[in-house]
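Working through the structure, step by step
This is what each chain is made of:
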Amino acid sequence: MYSYITEELIDVIDLNFDVTASRGIFGHSMGGHGALVIGLKSQLFNSISAFSPICNPIQVPWGQKAFKEYLGEDKELWKQYDASILTKNYTGKSMEILVDQGCSDNFLHQLKPHSLIERSTPGSKLSFNIRMHAGYDHSYYFVSTFLKDHVKHHLKMLS
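Structural notes, computed from the coordinates. (Residues numbered from 1 in each chain as written. Predicted model: local features only at pLDDT ≥ 70, side-chain atom pairs only at ≥ 80, totals over all residues. Heavy atoms only, no water.)

**A short note on the layout of surface pockets**
Definition in use: The distinction between a cavity and a pocket rests on a 1 Å grid over the protein atoms alone: a 1.4 Å probe fits inside a cavity but cannot get out, while a pocket stays open yet meets protein on both sides within 12 Å along at least five of seven lines, and a residue with an atom within 4 Å of a point counts as lining. Grid points are joined across faces, edges and corners, and a volume is the space filled by probe spheres set on the points. Put simply, DSSP marks the helices as runs of H or I at least four residues long and the strands as runs of E at least two long, and each gets a number from the N terminus on. All residues other than Ala, Val, Leu, Ile, Met, Phe, Trp, Tyr, Cys, Pro, Asp, Glu, Lys and Arg, Gly among them, are scored as polar; the first ten of these are nonpolar and the last four charged.
Approximately 420 Å³ is the volume attributed to the largest pocket. Along its surface, the largest pocket is lined by 15 residues, and Met1, Met30, His33, Gly34 and Tyr81 are the ones closest to its centre. Those elements that provide at least two residues to the lining of the largest pocket are helix H1 (2-16), helix H2 (30-42) and helix H3 (61-71). At seven residues, the largest contribution of residues to the lining of the largest pocket is made by H2. In the lining of the largest pocket, the residues fall into 12 nonpolar, three polar and no charged. Residue lining of the second largest pocket: 15 residues in total, with Ile10, Ile13, Arg23, Gly24 and Phe45 positioned closest to the centre. Listed by contribution, the elements that provide at least two residues to the lining of the second largest pocket are H1 and strand S1 (24-28).

Here it is as structure tokens:
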């Protein structure tokens, strides 16, 4: 999926649409994890946001199981796909990352959104706006409620 987004999809978009070189990436749930990881690793994006992403998968059972299945037993390799670790080692351009999370999300204990801030290096070029929303869960209703804020975030970052 990484090369599809960073190579193939970008090429298709560039060849078929009138776009600028400024790009944003966002996603929900596992797609939010992907947006964070791809955005932080590739440095092809000027704007990143996520809804309910898993942020520190190597520290939770679900993430460990998924990484073992997809990446094998090498835990050093896992670190290359853990957003909270990538924030610690980030050396790219300055950026504010928006993360929205529902407080009633049944998966919250495994998503660990605050690990992004806890792991980031003091003086980092990254800043985080992690917004916790009472009464919201992991649903698409949650996403649709705050999607406009993410579009505004990307417009601000990309202009």
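**Structural notes on the nonpolar core**
As a reminder, the rule being used: Here, nonpolar core means buried Ala, Val, Leu, Ile, Met, Phe, Trp, Tyr and Cys residues that are tied together by side-chain atoms lying within 4.5 Å of each other. Buried residues are those whose accessible area, probed at 1.4 Å on protein chains only, stays under 20% of the maximum for their type, while exposed residues exceed 50% and partly exposed ones sit between those limits. Contacts are assigned to residue pairs that have any heavy atoms within 4.5 Å of one another.
Counting residues in hydrophobic clusters, the biggest one holds 22 residues, and the most contacted among them are Ile25, Leu36, Leu40, Ile48, Ile97, Leu116 and Leu126. Secondary-structure elements contributing two or more residues to this core are H1, H2, strand S2 (47-51), helix H5 (83-88), strand S3 (95-102) and strand S4 (126-133). Counting residues per element, this core draws most heavily on H2, which supplies five residues. When residues no more than four places from it in sequence are discounted, the contact partners of Ile97 are Leu36, Leu40, Ile48, Leu126, Ser127, Phe128, Asn129 and His153. Residues Phe51, Tyr136, Phe142 and Phe146 belong to the second largest nonpolar core, which totals five residues.

**Notes on the packing of aromatic side chains**
Stated precisely, the cut-off is as follows: Between rings of Phe, Tyr and Trp, where Trp is taken as its six-membered ring, a pair exists when centres lie within 6.5 Å; planes separated by under 30 degrees are stacked, by over 60 edge-to-face, and by other angles tilted.
Counted by the stated rule, this structure contains six aromatic pairs. An angle of 70° between the planes, with centres 5.9 Å apart, marks the rings of Phe67 and Trp78 as edge-to-face. Within this pair, whereas Phe67 is found in helix H3, its partner Trp78 is found in helix H4 (residues 75-78), the two being separated by 11 residues in sequence. For Phe67, a relative accessible area of 6% corresponds to the buried category. Using a relative accessible area of 5% as the deciding quantity, one classes Trp78 as buried. For the pair Tyr136 and Phe146, a centre-to-centre distance of 5.1 Å together with 70° between the ring planes defines the contact as edge-to-face. Here Tyr136, found in the loop between S4 and helix H8 (140-158), pairs with Phe146, found in helix H8; they are 10 residues apart in sequence, far enough to count as distant. In this structure, Tyr136 and Phe146 share a single accessibility class: buried.

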